[in-house]
Structure formats: structure tokens, C-alpha cells
Amino acid sequence: MSLLEKIKVRFSVPNEILAIECVRTELGQNFYLSHLKINKGQVDLMNNSSATQIPEMLKPFDKALPIFLLMGGRKILNNTISVENDENIVRQAFPNIPKEETLFDVDKLAPSKYHVSVARKEVVLETIEMIQKFGFRVIELNIGIGSIHQLLKKQFETKKIELSIYQIDLKDFKVLSNGQKVNKEKLNLFGQIISDEFIVSYLNGLNFFLKKKYNSNFESIEFWRRDWFFENLIRKTGKFLLALFLVVLSTSFLVWNNYHDSNQSKTFNNETYKASLQLMKKLESDFNEKQAFLEINKSSNLPYSKMMDQLALKIPKGLYLKSVNLSPLRKREKRTNLFRFKKEEIKIEGETVNYIIFNSWFTSVKKLDWVSDIEILGYKEQNKGHRADFSINIRLK
């Protein structure tokens with residue numbers, strides 16, 4: 001099967017159907033429904049139901065489900081014949097029935113052997129219109145049970161079988177009406193346990209899934225088949241296009257988001273680089289200015305600047321200096337109103353995240369070559385998180 005044919009089959013063959021057998025008797029009509037669905041490559045019988053009226057039987061189902069109708073019962077004439085030539089088989093089976101007033105199915109049983117089933121056109125149209133009145137489409141029609149003769153032969157080993165509605169001679173495929181005999185016996189039919197009254201409707205649906213080929217060329221059926229096909233095509237392609245649109249939209253968003261994040265990252269890195277470059281230039285300018293100042297103003301007090309530079313380099317993350325007092329005030333003389341300072345000392349106050357950071361910094365400062373002695377004046381924790389305020393005094397050499 002070519003790819004084009006596979007695509008055509010995919011859209012023209014449903015994977016869920018309602019197979020209905022309409023049985024007309026002298027007392028009225030009965031409908032037998034089998035709901036079949038393909039799940040993971042196998043045909044499952046979802047449920048069976050029967051009714052004397054179409055509305056109550058179809059009410060639980062989605063109107064998008066196609067209907068495969070089989071006309072059976074006493075109102076269907078059938079005949080199995082052997083012919084010498086394959087021309088005008090219907091006329092050979094029923095020579096006195098006007099062809100223009102009837103619908104028929106011809107099923108080949110063997111070479112030169114055919115089963116012909118005939119129904120009045122007006123009876124079939126009445127049933128089809130009754131179903132379509134409630135919004136459902138009949139897209140396949142079978143007259144009589146000749147189309148399922150192969151499945152019946154595979155299932156039943158006996159030459160004759162008796163069902164609720166039919167007596168069937170499988171050898172010559174003679175079909176007689178059995179009235180409407182009540183038979184509650186359940187049968188194992190190709191792995192499905194069902195009552196024999198639903199055998200024909202079930203096999204009718206199963207037969208289509210096995211062949212995946214439409215039989216009826218009745219113009220009304222072909223019209224509704226095309227109508228269902230285009231709606232199914234639009235529904236499936238619509239879902240595909242919606243899924244494709246969502247995929248394209250998601251992909252576009254992800255690409256845009258990735259580009260946006262990348263652009264933001266590059267912008268941030270560029271701005272950070274510019275800020276770092278400006279800071280470096282400013283530090284370099286300040287350093288050059290400071291060096292020039294030291295060259296011009298050579299004084300005994302200028303070493304304080306170098307001390308502060310070295311002290312700043314020792315400050316770790318998590319420790320902050322609040323104040324640095326060079327030559328702190330010793331006292332003020334009341335008589336002379338003179339201020340006296342501790343020239344060889346530096347007093348520092350600050351804050352630390354924890355004692356470990358403080359102690360590490362304290363030890364590193366103590367090792368500086370211009371430090372004679374260092375003393376902790378105060379250390380007080382602010383809270384249970386170990387953040388603390390501190391005060392130290394440094395004596396210079």
C-alpha cells in the first residue's frame with residue numbers, strides 16, 4: 001500500500017463505529033446495536049444494546065460516530081444461486097422483481113456461486129431517514145447477511161446454526177427467518193462473549209474493520225459517506241494544525257526567551273565590565289594622585305597613609321569598619337584648654353558577622369610590621385546570630 005493510499009485509508013476509515021441491524025417483522029421492527037472501537041490495533045466491543053425505537057438507542061452516543069446499517073429480518077428476500085455466467089446475477093436470482101424499486105447486495109460465496117439479498121428501496125430509505133433525523137450519518141449499508149458469511153463459517157463448525165432471528169444452512173448458505181425467538185444463550189464470538197441476538201450487528205462491524213472497504217454504492221449512502229469524510233478530515237487536520245501551531249508557538253517562545261536571556265546576560269556583563277573599567281580607572285587615578293602627593297609632601301606623618309592602605313587590604317568579607325581614629329584624644333586640660341593626643345596609637349571601631357572572621361582579621365593585623373601591640377577594647381554580640389560590634393587599639397612601633 002502506497003503512502004497516499006495509507007493516508008486516504010486513515011481519513012476515510014473510522015476507528016469507532018455504531019453497527020446497527022434493523023430487523024423488520026410482522027409485529028414491527030427491532031434495532032440491535034454494537035458499538036465497536038479500535039484500541040491499540042485490535043477491535044474491541046464496547047457495548048451492545050437493543051430497542052424498538054431509534055431515539056432511545058442512539059441517545060447515549062456522540063453524533064459524530066458513523067453508522068453501519070444492515071437490513072435484515074422477514075422483509076429481506078434472499079436467494080443463493082449457482083450461475084454459468086456472472087452477468088445480471090440479480091435478475092437470475094429474482095427474475096420477477098422490478099430492479100428500479102429495490103436495493104440489493106450480491107455476495108460471492110464461491111466461484112460461480114452467489115448469495116443475493118433484496119429489499120424494497122422505500123423501506124430502506126425510511127430507516128435511513130429515521131436515523132439521520134437525529135443527526136447521525138449512515139455511511140455504509142448492507143442488505144441481508146451475505147456479507148458476513150465468511151465470518152460465520154469461521155466461527156461455527158456445524159453445518160446449520162439457529163439464532164434468535166435466523167436459521168442458517170452454512171453449507172449452501174440458505175437463510176430463513178426464525179421469527180423473534182428468545183434466546184438468552186451467550187456465545188464466545190472471536191473472543192467476545194455476547195448474546196446471539198447481537199451476532200449479526202457485531203460481525204457486520206467487525207467485517208468492515210477487517211476489510212476496511214466500503215460495499216454500498218447507493219447514492220444516498222455515498223453522499224453521507226462523503227459528508228462524514230470531509231468533516232472527519234477537517235476535524236483531524238484541525239487538531240493537527242492546532243497542535244502544530246502550539247508547537248511553533250512554544251518553540252518561538254523558547255527561542256525568544258533564550259535570545260532574551262542571552263541578550264540580558266550580555267547587556268549585564270557589558271555594563272558590569274564598563275562599571276569595573278571605570279572603577280579601575282578611578283582607583284588608578286586616585287593612586288597616581290596619592291603617589292604624587294607623597295612625593296611632594298614628604299613628612300613624618302605621611303606613613304599613616306601607607307598604614308591605612310595595608311590595613312584596608314586586610315579587611316575580609318563579613319567585617320566592616322565604622323571608624324578609624326589616628327592619634328586618638330588622650331585628654332583636654334582644663335587650665336590651659338589644650339588637647340593632648342596619643343600619637344603612637346590607632347583606635348578602630350567596627351562590626352563583624354561572627355567571631356571567626358574577626359579573630360582571623362585581628363591576627364593578620366597583628367602581624368603587620370608597624371604594629372607593636374594590639375588590644376581588644378570591646379566585643380559585644382548584637383544577637384544570637386553572632387553579629388557583633390568591636391573596638392580595638394593598635395600601638396605603633
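Look a little higher up for the structure.
Below: a short report on this structure. This structure is a prediction, so every number in the text was calculated from the model and none was measured.

For the rest of this paragraph, the subject is the pattern of salt bridges. Enumeration according to the criterion identifies 11 salt bridges in this entry. Measuring nitrogen to oxygen at the nearest pair gives 2.6 Å for the salt bridge that ties Arg137 to Glu231. Placement of the pair is Arg137 in the loop between α4 (121–132) and β8 (138–143) and Glu231 in helix α7 (residues 219–296), with a sequence separation of 94 residues. Linking Arg395 and Glu375 is a salt bridge whose minimum nitrogen-to-oxygen distance equals 3.4 Å. Taken as a pair, Arg395 in strand β19 (residues 388–396) and Glu375 in strand β18 (residues 371–381) lie far apart in primary sequence, 20 residues in all. Given a relative accessible area of 34%, Glu375 falls into the partly exposed group. Within this structure, Lys322, Glu351, Arg387 and Asp389 form a network of salt bridges that share partners.

This paragraph deals with the side chain of Thr127. Mapped onto the elements of the fold, Thr127 is located in helix α4. The class of Thr127 is buried, set by a relative accessible area of 0%.

Where nonpolar side chains cluster on the molecular surface, the patch consists of Phe245, Leu246 and Leu249 and spans about 300 Å² of accessible area. As for its position among the elements, Leu249 is in helix α7. For Leu249, a relative accessible area of 47% gives the class partly exposed.

Attention shifts here to the layout of surface pockets. There is about 350 Å³ of room inside the largest pocket. Together, 16 residues line the largest pocket, and Ser147, Asn207, Lys211, Lys213 and Asn215 are the ones closest to its centre. Of all the secondary-structure elements, those providing two or more residues to the lining of the largest pocket are β6 (102–110), β8, α5 (149–155) and α6 (199–211). The greatest single-element share of the lining of the largest pocket, amounting to 4 residues, is contributed by α6. Tallied by class, residues from the lining of the largest pocket come to 4 nonpolar, 7 polar and 5 charged.

The next point concerns the sheet that holds strand β14 (residues 319–326). Strands sit in the order β14-β17-β19-β18 across an open sheet of 4 strands; the sheet is antiparallel. One side of each edge strand has no neighbouring strand; the edge strands of this open sheet are β14 and β18. Between one strand axis and the next, the sheet turns by 20 degrees as a mean value, whatever way the strands run. Inspection of the sheet shows strand β17 (residues 345–352) paired to β19 by 8 bridges, in the antiparallel sense. Across the sheet, Lys347 pairs through a bridge with Asn393, a residue of β19. In this fold helix α9 (residues 355–366) packs onto β14, β17, β18 and β19, with an angle of close to 165 degrees to the strand it touches most, β18.

Inspection of the entire model under this criterion finds 14 aromatic pairs. For the pair Phe358 and Phe390, a centre-to-centre distance of 4.9 Å together with 45 degrees between the ring planes defines the contact as tilted. Of this pair, Phe358 sits in helix α9 while Phe390 is found in strand β19, placing the two residues 32 residues apart along the sequence. Of the two residues examined, Phe358 and Phe390, each falls in the buried class.

Overall, antiparallel pairing links the 3 strands, which are arranged β5-β7-β6 in an open sheet. Of all the strands in the sheet, just β5 (77–82) and β6 have a single pairing partner and so form its edges. Across the sheet, the axes of successive neighbouring strands diverge by a mean angle of 20 degrees, strand direction being ignored. Pairing geometry for β6 and strand β7 (residues 113–120), over 8 bridges, is antiparallel. Of the residues in β7, the one forming a bridge with Phe104 is Val118. Here α4 sits on the sheet in contact with β6 and β7, set at roughly 70 degrees to β7.

About the thresholds
- Residues numbered from 1 in each chain as written.
- Predicted model: local features only at pLDDT ≥ 70, side-chain atom pairs only at ≥ 80, totals over all residues.
- Heavy atoms only, no water.
- Salt bridge = Lys/Arg side-chain N within 4 Å of Asp/Glu carboxyl O.
- Helix = DSSP H or I, 4+ residues; strand = E, 2+ residues; numbered from the N terminus.
- Buried < 20%, exposed > 50% of the residue type's maximum accessible area, 1.4 Å probe, protein only.
- Patch = residues over 30% accessible without salt bridge, like charges linked within 9 Å, V, L, I, M, F, W, Y side chains within 5 Å.
- Areas by Shrake-Rupley, 256 points an atom, 1.4 Å probe, with all protein chains shown as cover.
- 1 Å grid on protein atoms, 1.4 Å probe; cavity = no way out; pocket = protein on both sides within 12 Å on 5 of 7 lines; lining within 4 Å.
- Points joined across faces, edges and corners; volume = space filled by probe spheres on them.
- Nonpolar A, V, L, I, M, F, W, Y, C, P; charged D, E, K, R; others polar.
- Pairing = 2+ DSSP bridges.
- Axes fitted to C-alpha atoms, helices over the stretch in contact; angles between N-to-C directions.
- Contact = heavy atoms within 4.5 Å.
- Phe/Tyr/Trp six-rings, centres within 6.5 Å; stacked < 30°, edge-to-face > 60°.

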